[in-house]
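Structural features, examined
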Amino acid sequence: MHTMKETCSLTGLAYETLKYYCNEGLVPNVKRDSRNRRVFDDHDVAWIKDLNCLKRCGMSIEEMKKYLGYCLEGQKTIPLRQVMLNEKRAALKEHIAELKACLKYIDWKQNFYADVLSGKTPYISNLIRVSGKQD
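Since the model is a prediction, treat every value here as computed from it, not as a measurement. (Residues numbered from 1 in each chain as written. Predicted model: local features only at pLDDT ≥ 70, side-chain atom pairs only at ≥ 80, totals over all residues. Heavy atoms only, no water.)

Details of the overall build of the protein
Along the backbone of the protein there are five helices and three strands. Counting helices and strands in the order they occur from the N terminus, the protein gives β-α-α-β-β-α-α-α. The C-alpha radius of gyration computed for the protein amounts to 25 Å, which surpasses the reference 14 Å derived for 135 residues by more than 25%, pointing to a less compact arrangement than a globule. With respect to the three principal axes, the spread of C-alpha positions in the protein is 80 × 35 × 25 Å. Of all 135 residues assigned to the protein, the portion counted as buried reaches 25%. Taken together, the 23 basic and 17 acidic charged side chains of the protein have centroids lying 3 Å from each other. (Helix = DSSP H or I, 4+ residues; strand = E, 2+ residues; numbered from the N terminus. Rg over C-alpha atoms; globule rule 2.2 N^0.38 Å. Buried < 20%, exposed > 50% of the residue type's maximum accessible area, 1.4 Å probe, protein only. Lys, Arg positive; Asp, Glu negative; His and termini not counted. Charge placed at Lys NZ, Arg CZ, Asp CG, Glu CD.)

Have a look at this one:
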């Protein structure tokens, strides 16, 4: 059995986040020790790691609760879980494409700056007007 602090270390969650997840019912069947403190077994830790990943994938607390509900219903809800995960996957792929475009811009800008500093390219700015030129 693992304490809250140990579980946080094992899962990468902040203490308050784990406490919140427990209070929201996202960690079912939370056990308590003799001093009434939460303790977690290895199955709980694995599930909490899953929750952490689902959150990083963009699932809201309500979506995680819905997903948990499906999981607790067993194998018959696998198709519903697949739909949820496919939707998150599509959103993540779109976000990755946006991030790749951002990286492409940054790489282009860094190359432009390197070329300007080396004298290969004249400096041009969209923010600084060259006097004597009309727009």
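Some thoughts on the sheet that holds strand β3 (residues 38-40)
Reading across from one edge, β1-β3-β2 is the order of the three strands in this open sheet, with antiparallel pairing throughout. Where the open sheet ends on each side, the last strands, each with one partner, are β1 (2-3) and β2 (31-32). By the bridge criterion, two bridges tie β1 to β3 in an arrangement that is antiparallel. Following the sheet pairing, His-2 is matched in β3 by Phe-40. (Pairing = 2+ DSSP bridges.)

Quick word on the packing of aromatic side chains
According to the stated counting rule, one finds six aromatic pairs in the structure shown. Seen in terms of ring centroids, Tyr-105 and Trp-108 are 5.9 Å apart; in terms of plane orientation they differ by 40°. Their pairing is tilted. In this pair, Tyr-105 and Trp-108 are both assigned in helix α5 (residues 78-118), three residues apart and thus about one turn of the helix distant. For Tyr-105, a relative accessible area of 47% corresponds to the partly exposed category. What links up through ring pairs into an aromatic cluster is the set Tyr-105, Trp-108, Phe-112, Tyr-113 and Tyr-123. (Phe/Tyr/Trp six-rings, centres within 6.5 Å; stacked < 30°, edge-to-face > 60°.)

What to know about the nonpolar core
By size, the foremost hydrophobic cluster in this structure holds 21 residues, and its most contacted members are Leu-18, Tyr-21, Val-27, Phe-40, Leu-51 and Met-64. Leaving out residues up to four positions away in the same chain, Val-27 has contacts with Tyr-21, Cys-22, Phe-40, Trp-47, Ile-48 and Leu-51. (Core = buried A, V, L, I, M, F, W, Y, C linked by side-chain atoms within 4.5 Å. Contact = heavy atoms within 4.5 Å.)

Regarding the side chain of Thr-11
Secondary-structure assignment places Thr-11 in helix α1 (residues 4-11). Reaching out from Thr-11, the side chain makes a polar contact with the backbone oxygen of Thr-7 at a distance of 2.8 Å. In this structure, Thr-11 is in contact with Val-45, Ile-48, Lys-49 and Asn-52, ignoring residues within four places of it in sequence. (Polar contact = N/O pair within 3.5 Å; in protein donor to acceptor, adjacent residues only side chain to side chain.)

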